[in-house]
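# Survey of secondary and tertiary structure
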Amino acid sequence: NAGVTQTPKFRILKIGQSMTLQCAQDMNHNYMYWYRQDPGMGLKLIYYSVGAGITDKGEVPNGYNVSRSTTEDFPLRLELAAPSQTSVYFCASRPLSGLTTNEKLFFGSGTQLSVL
Amino acid sequence: ELKVEQNPLFLSMQEGKNYTIYCNYSTTSDRLYWYRQDPGKSLESLFVLLSNGAVKQEGRLMASLDTKARLSTLHITAAVHDLSATYFCAVCYGSSNTGKLIFGQGTTLQVKP
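These figures come from a predicted structure and were not determined experimentally. (Residues numbered from 1 in each chain as written. Chains lettered and ligands numbered in written order. Predicted model: local features only at pLDDT ≥ 70, side-chain atom pairs only at ≥ 80, totals over all residues. Heavy atoms only, no water.)

### Focus on the sheet that holds strand E1 (residues 4-7) of chain A
Residues and elements named next belong to chain A. Strand order in the open sheet made by the four strands is E1-E3-E8-E7, with antiparallel pairing throughout. Sheet topology places E1 and strand E7 (64-66) at the edges, where each strand pairs with a single neighbour. Here the average twist between neighbouring strands, direction ignored, is 20 degrees. Across three bridges, strand E3 (residues 19-25) lies against strand E8 (residues 76-78) in antiparallel orientation. Bridge pairing in E8 links Thr20 to Arg77. (Pairing = 2+ DSSP bridges. Helix = DSSP H or I, 4+ residues; strand = E, 2+ residues; numbered from the N terminus. Axes fitted to C-alpha atoms, helices over the stretch in contact; angles between N-to-C directions.)

### Section: the pattern of salt bridges
Residue and element names in this part refer to chain A. Under the counting rule described, the total for this entry stands at three salt bridges over all chains. Residue Asp38 is joined to Arg36 by a salt bridge in which the shortest nitrogen-to-oxygen separation is 2.8 Å. Residue Arg36 is classed as buried on the basis of its relative accessible area, which comes to 11%. In this structure, Glu79 engages Arg77 in a salt bridge whose closest nitrogen and oxygen atoms are separated by 3.1 Å. Exposure remark for Glu79: the relative accessible area of 36% places this residue in the partly exposed category. (Salt bridge = Lys/Arg side-chain N within 4 Å of Asp/Glu carboxyl O. Buried < 20%, exposed > 50% of the residue type's maximum accessible area, 1.4 Å probe, protein only.)

### Section: the interface of chain A and chain B
Contact residues are listed per partner, giving 24 residues for chain A and 23 residues for chain B. Carbon and sulfur atoms make up 55% of the surface buried where chain A meets chain B, a total of about 1,800 Å² over both sides. At the junction of chain A with chain B, the criterion picks out three residue pairs in polar contact (both at pLDDT 80 or more). Elements supplying a minimum of two residues to the side of chain A that touches chain B: strand E4 (31-37), strand E5 (43-51) and strand E9 (87-94) of chain A. Here the side of chain A that touches chain B is built from residues that sort into twelve nonpolar, eight polar and four charged. (Contact = heavy atoms within 4.5 Å. Buried area = accessible area lost by both parts, 1.4 Å probe. Polar contact = N/O pair within 3.5 Å; in protein donor to acceptor, adjacent residues only side chain to side chain. Nonpolar A, V, L, I, M, F, W, Y, C, P; charged D, E, K, R; others polar.)

Structure (structure tokens):
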């Protein structure tokens, strides 16, 4: 059971380039999220999805796009990369559940992105 | 706007000592989470607190929630070096079913022998 898998682990982009961060989970989780973590800070939500075909914006969506064509995959697209997008990006997922104690998020290992 | 503030942001303590990390949040929420992050690593879920007065304990860590005061605490008992990490609290916002979280800034704990 791999959990939440993110690729790549590291990437350097030039200003104006585009790229896609990949995220896949094999736990059949309905909910998936993209967060970014700037140095010394907490995580901020970029986009989230409550199921295949359904996505919505989080706190800091500008400069990013997502799609959710399958339950397993939730790629994050950066268009026209800017230095302000230098950050560590975490993908997370959780199962569909009611008010239970098992509502924790499962996080991927992160993608370190530098835009120079 | 929901804000989540932790204090202290940095904590250096001796092994064997007790200490508490505080997490204040600005608007009503029905669930609060604590996570641990080791340097360069991902986040590990510690506790999910779902109701007023909820208390969860695991090992030397105990978390509690007071929804009326909008305050959660993470208490460390008899700290050991292995607890050195950054601890985040996070509060659910919007519809609780979506699981959207606002994170605090994190508290970096350094436990010295």
